Amino acid sequence: MEEQIKNEIEEKAILIAICPQNKEEEVESAIDELEELAKTAGASTLVKVIQNRDKPHPATYFGKGKVEELKEMVEQYEITTIICDDELSPAQLKNLSEALDVKIVDRPILIMDIFARHAHTKEGILQVEMAQMRYRLSRLSGLGKSLSRLGGGIGTRGPGEKKLETDKRHIRRRIDMLKEELEKIHSSRHLLREGRAKQGKPIIAIVGYTNAGKSTLLNHLTDAGVLQEDMLFATLYPTTRNMVLPEGKEVLMVDTVGFIRKLPHHIVEAFKSTLEEVVYADVLIHMVDATNPDANKHIQVVHETLLELGAEKTPMLTLLNKCDRDNVDDDLWDEKAFANIRVSALTGDGIYKVLEALEQHLLQGQRLMKIIIPYHQGQILQKLRTYGQILEESYVNEGTYVEVYIEEAYINKYNLGSMVVG
Ligand SMILES: Nc1nc2c(ncn2[C@@H]2O[C@H](COP(=O)(O)OP(=O)(O)OP(=O)(O)O)[C@@H](O)[C@H]2O)c(=O)[nH]1
Ligand SMILES: [Mg+2]
């Protein structure tokens with residue numbers, strides 16, 4: 001069964017979340033963020049309802065009484081959409097939708113909807129559709145009912161197919177096609193990356209919470225002309241630009257997709273190749289919006305996401321951004337960074353210090369390492385050829401024996417310490 005999509009309806013939403021003991025502040029800020037996300041997706045929030053409970057009710061997310069209350073509010077405010085701060089199970093989706101007779105949207109659907117609106121490149125469009133299809137396949141029983149209620153708006157936007165597909169076999173077939181197309185794009189991205197590696201320039205990736213100012217920084221540094229806007233997930237694909245540091249060192253700067261708490265698993269999967277830009281970087285610039293009351297939480301989410309991606313060991317320089325504003329948190333500090341610098345990507349204040357710190361980091365004393373690289377880790381040898389100065393190379397039983405002059409940063413990044421011999 002397929003349904004034509006209509007997107008013109010005005011969505012009036014109630015936001016719902018549960019609050020375990022002592023988590024009041026965290027939940028408050030999460031639901032405020034959910035309101036921002038809802039706004040970005042075109043829905044206005046009329047009411048926020050938080051229920052104190054440790055875990056969601058397995059069948060209906062909220063308990064019975066609270067669902068009754070919701071029902072009354074839905075009628076009173078002529079609500080079209082309920083948006084839940086957590087990911088809902090198929091049963092919860094179905095039961096809530098039946099009990100309340102409105103569309104039910106959860107955090108993953110909402111975020112994917114925003115991604116769908118902002119995807120403009122072929123890769124981005126395919127990736128979003130892949131995430132949506134995978135999600136849809138896993139939620140079919142609950143979702144069909146919920147989304148068919150209003151036939152438009154959040155959750156029904158897709159950049160690819162203009163149909164809301166609810167047939168399992170069709171979805172599976174579509175997923176296979178998307179997979180094939182994406183693999184083609186990814187192999188060309190791989191070649192691109194190899195090409196860059198051959199240039200031997202260090203890669204610097206700008207990471208951070210969504211809306212922190214990453215694109216603004218890239219634009220300031222390189223006139224990249226990337227869209228910078230006060231909205232969540234303005235950037236969905238990486239832009240790379242050449243740059244020369246003050247003492248003449250050439251680097252590549254990459255702007256990337258922003259992170260957010262509870263970034264849907266299907267998004268992470270579908271955007272893996274895009275997010276991998278972060279994994280291949282030699283240094284990370286971590287942008288923090290120092291005026292956001294939740295900046296500490298944002299820093300923590302960025303650390304967690306980097307860990308998930310396997311980039312937690314990459315040296316990181318943290319920029320406490322938007323310091324031109326008067327509501328900056330002066331106590332902010334990212335412990336994991338090798339330096340914290342206060343900047344304004346908008347006015348350029350402090351940016352010179354950033355470039356100096358980067359350059360100093362990249363040029364800092366090299367060390368002589370005598371190591372054996374196991375044969376199955378040939379890619380590390382490639383990196384040493386690119387970034388280091390190899391004095392000797394020979395083949396032994398355990399792998400390739402190498403004596404190399406290499407910068408400190410790479411020793412940590414490639415875990416060379418564990419390969420030392422003699
Ligand atoms: N006042 C001030 N505003 C800034 C600064 N840097 C960025 N902004 C604003 O913050 C908003 C977000 O900036 P972007 O550069 O789009 O942020 P981003 O991190 O690329 O966001 P996503 O791509 O959506 O993840 C824009 O409205 C920028 O103008 C700054 O230093 N000062
Ligand atoms: Mg951006």
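Residues numbered from 1 in each chain as written. Chains lettered and ligands numbered in written order. Predicted model: local features only at pLDDT ≥ 70, side-chain atom pairs only at ≥ 80, totals over all residues. Heavy atoms only, no water.

Q: An account of the site of ligand 1 is requested, with residue identities and associated values reported.
A: As a structural note, the neighbourhood of ligand 1 is formed by 23 residues, with Lys214, Thr216, Ala234, Thr235 and Asp324 the closest of them. For ligand 1, an oxygen atom lies 3.1 Å from a polar atom in the side chain of Thr210. Measuring from an oxygen atom of ligand 1, one finds a backbone N or O atom of Phe233 at 3.1 Å. Computed on the free molecule, ligand 1 has an accessible area of 650 Å², of which 93% lies beneath the protein chains in the complex. (Near = heavy atom within 4 Å. Polar contact = N/O pair within 3.5 Å; in protein donor to acceptor, adjacent residues only side chain to side chain. Areas by Shrake-Rupley, 256 points an atom, 1.4 Å probe, with all protein chains shown as cover.)

Q: Give me the coordination of the magnesium ion (ligand 2): which residues, what numbers.
A: Distances from the magnesium ion (ligand 2) to its protein donors, namely Ser215 (OG) and Thr235 (OG1), fall within the range 1.9 to 2.2 Å. Of this pair, Ser215 sits in helix 8 (residues 214–222) while Thr235 sits in the loop between helix 8 and strand 8 (239–244), and the two are 20 residues apart along the sequence. No difference in accessibility class separates Ser215 from Thr235, as the two residues are buried. (Donors = N, O, S within 2.8 Å, 3.2 Å for Na, K, Ca; no water. Helix = DSSP H or I, 4+ residues; strand = E, 2+ residues; numbered from the N terminus. Buried < 20%, exposed > 50% of the residue type's maximum accessible area, 1.4 Å probe, protein only.)

Q: I'd like to hear about a nonpolar patch on the surface, residue by residue, with values.
A: Taken together, the side chains of Leu368, Leu391 and Tyr405 present a nonpolar region at the surface, about 260 Å² in accessible area. Position of Leu368 among the secondary structure elements: in strand 13 (residues 366–374). The exposure class of Leu368 is partly exposed, given its relative accessible area of 38%. (Patch = residues over 30% accessible without salt bridge, like charges linked within 9 Å, V, L, I, M, F, W, Y side chains within 5 Å. Salt bridge = Lys/Arg side-chain N within 4 Å of Asp/Glu carboxyl O.)

Q: Please provide a residue-by-residue account of the packing of aromatic side chains, values included.
A: Enumeration according to the criterion identifies 5 aromatic pairs in this entry. Aromatic pair Tyr61 and Phe62: ring centres 5.5 Å apart, planes at 25°, arrangement stacked. Here Tyr61 matches Phe62 in class, with each residue buried. Between the aromatic rings of Tyr410 and Tyr414, the centroid separation amounts to 6.2 Å while the plane-to-plane angle is 5°, which identifies the pairing as stacked. Both residues of the pair, Tyr410 and Tyr414, count as buried. (Phe/Tyr/Trp six-rings, centres within 6.5 Å; stacked < 30°, edge-to-face > 60°.)

Q: Let's hear about the sheet that holds strand 5 (residues 103–106): which residues, and what values?
A: Overall, parallel pairing links the 4 strands, which are arranged 3-2-4-5 in an open sheet. Strand pairing shows two members of the sheet lacking a second neighbour, strand 3 (43–52) and strand 5, which therefore form its edges. Between one strand axis and the next, the sheet turns through 25° on average, direction left out of account. Two elements, strand 4 (residues 81–84) and strand 5, share 4 bridges in a ladder whose sense is parallel. Each residue of the ladder has a partner; that of Ile83, found in strand 5, is Val105. In the packing of helix 1 (residues 24–40) onto the sheet, the strands contacted are strand 2 (11–19), strand 3 and strand 4, and the crossing angle to strand 3 comes to about 160°. Seen against the sheet, helix 4 (residues 107–118) touches strand 4 and strand 5 and runs at an angle of roughly 80° to strand 5. (Pairing = 2+ DSSP bridges. Axes fitted to C-alpha atoms, helices over the stretch in contact; angles between N-to-C directions. Contact = heavy atoms within 4.5 Å.)

Q: For the sheet that holds strand 12 (residues 339–342), give the residues involved together with the corresponding values.
A: Pairing within the open sheet is mixed, and its 6 strands lie in the order 8-9-7-10-11-12. Only two strands of the sheet have a single neighbouring strand rather than two, namely strand 8 and strand 12. Between one strand and the next, the sheet's axes are offset by a mean angle of 25°, whatever the strand orientation. Here strand 8 runs beside strand 9 (residues 250–255); their pairing, made up of 6 bridges, is antiparallel. Among the inter-strand pairings, Thr239 is bridged to a residue of strand 9, identified as Asp255. The sheet contacts of helix 12 (residues 351–363) involve strand 7 (203–208), strand 8, strand 9, strand 10 (283–289), strand 11 (316–321) and strand 12, and relative to strand 10 the element is tilted by about 155°.

Q: Describe the environment of Thr121, naming the residues involved and giving the relevant values.
A: Its location among the elements puts Thr121 in the loop between helix 4 and helix 5 (122–138). Thr121 sits 116 residues away from Tyr237 along the chain, and the two C-alpha atoms are 7.7 Å apart.

Q: Give me the environment of Ser44: which residues, what numbers.
A: As for its placement among the helices and strands, Ser44 is situated in strand 3. Given the relative accessible area of 33%, Ser44 is considered partly exposed. In sequence terms Ser44 and Ala357 are 313 residues apart; their C-alpha atoms lie 43 Å from each other. Dropping the residues within four chain positions of it, Ser44 is found in contact with Glu10, Glu11, Lys12 and Ala13.

Q: Describe in detail the state of the cysteines, supporting the description with residues and values.
A: Counted under the stated rule, the structure contains 0 disulfides. Cys84 provides the cysteine sulfur closest to Cys19, a residue in no disulfide bond, and the two sulfurs are 13 Å apart. Exposure remark for Cys19: the relative accessible area of 4% places this residue in the buried category. (Disulfide = S-S within 2.5 Å.)

Q: Tell me about helix 8, and please be specific about residues and values.
A: Counting buried residues in helix 8 gives 8 out of 9 residues, a clear majority hidden from the surface. Next to the buried residues of helix 8 lie strand 7, strand 8, strand 9, strand 10, strand 11 and helix 12. Just past helix 8, the residue Asp223 takes up positive phi, approximately 55°.

None of the figures reported here should be taken as evidence of function without further support.
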